[in-house]
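Residue strings, one per chain:
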Amino acid sequence: MTEYSELAELADRILATGEDDVTELVSVLDTLDEGVRNELLVSDFLNAYQVFWYFFRYEPEILAAERLMLSSASSLPRGVLVEERDIYEIWFRVVDALPEMRVTDGEEVLVTFRGKGAYRDAAEWVDNN
């Protein structure tokens with residue numbers, strides 16, 4: 001586990017390089033040691049939007065992007081509500097350094113998708129049910 005101060009310094013350097021450009025931020029994250037990167041992806045140093053972009057390389061709808069930007073990456077192990085569609089909610093989580101999208105009915109988890117295609121798969125599931 002990386003020392004907090006080291007992680008903070010690394011995050012400062014990374015954000016100085018790519019804070020306003022998530023594509024650049026992702027490029028820098030891709031070059032990091034896997035263990036350190038995984039710590040950053042669930043830390044207070046990044047927001048959930050940056051982590052969402054890292055995993056999915058996809059720009060969500062405006063409301064979803066705002067929700068993610070306002071949530072710290074440290075909330076991702078518990079989950080962040082990304083969007084609501086009809087009676088469904090789509091939640092983004094990071095579990096064991098992998099992205100996970102959960103579809104709920106507001107109370108129970110109905111289906112869970114993991115990996116790089118999880119967001120697309122969750123959205124398709126909601127659209128088809």
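Our subject is the structure that appears above.
Residues numbered from 1 in each chain as written. Predicted model: local features only at pLDDT ≥ 70, side-chain atom pairs only at ≥ 80, totals over all residues. Heavy atoms only, no water.

This part takes up the packing of helix α4 (residues 48-56) against helix α5 (residues 62-69). Running from N to C, α4 and α5 cross one another at 115°; their axes reach a closest spacing of 6 Å. From α4, Ala 48, Tyr 49 and Phe 52 reach across to α5, where they touch Ala 65, Leu 68 and Met 69. A class-by-class count of the residues in the contact of α4 with α5 yields six nonpolar, no polar and no charged. (Axes fitted to C-alpha atoms, helices over the stretch in contact; angles between N-to-C directions. Helix = DSSP H or I, 4+ residues; strand = E, 2+ residues; numbered from the N terminus. Contact = heavy atoms within 4.5 Å. Nonpolar A, V, L, I, M, F, W, Y, C, P; charged D, E, K, R; others polar.)

A few words now on the pattern of salt bridges. Taken as a whole, this structure holds eight salt bridges when the rule is applied. Among the salt bridges present, the one from Glu 100 reaches Arg 93, with a minimum N-O distance of 2.9 Å. An identical accessibility class is assigned to Glu 100 and Arg 93; each is buried. Ionic pairing is found between Arg 120 and Asp 121, a salt bridge with its closest N-O pair at 3.3 Å. Linked through salt bridges whose partners overlap, the residues forming this network are Arg 93, Glu 100, Arg 102 and Arg 114. (Salt bridge = Lys/Arg side-chain N within 4 Å of Asp/Glu carboxyl O. Buried < 20%, exposed > 50% of the residue type's maximum accessible area, 1.4 Å probe, protein only.)

Nothing here speaks to function; it is all geometry.
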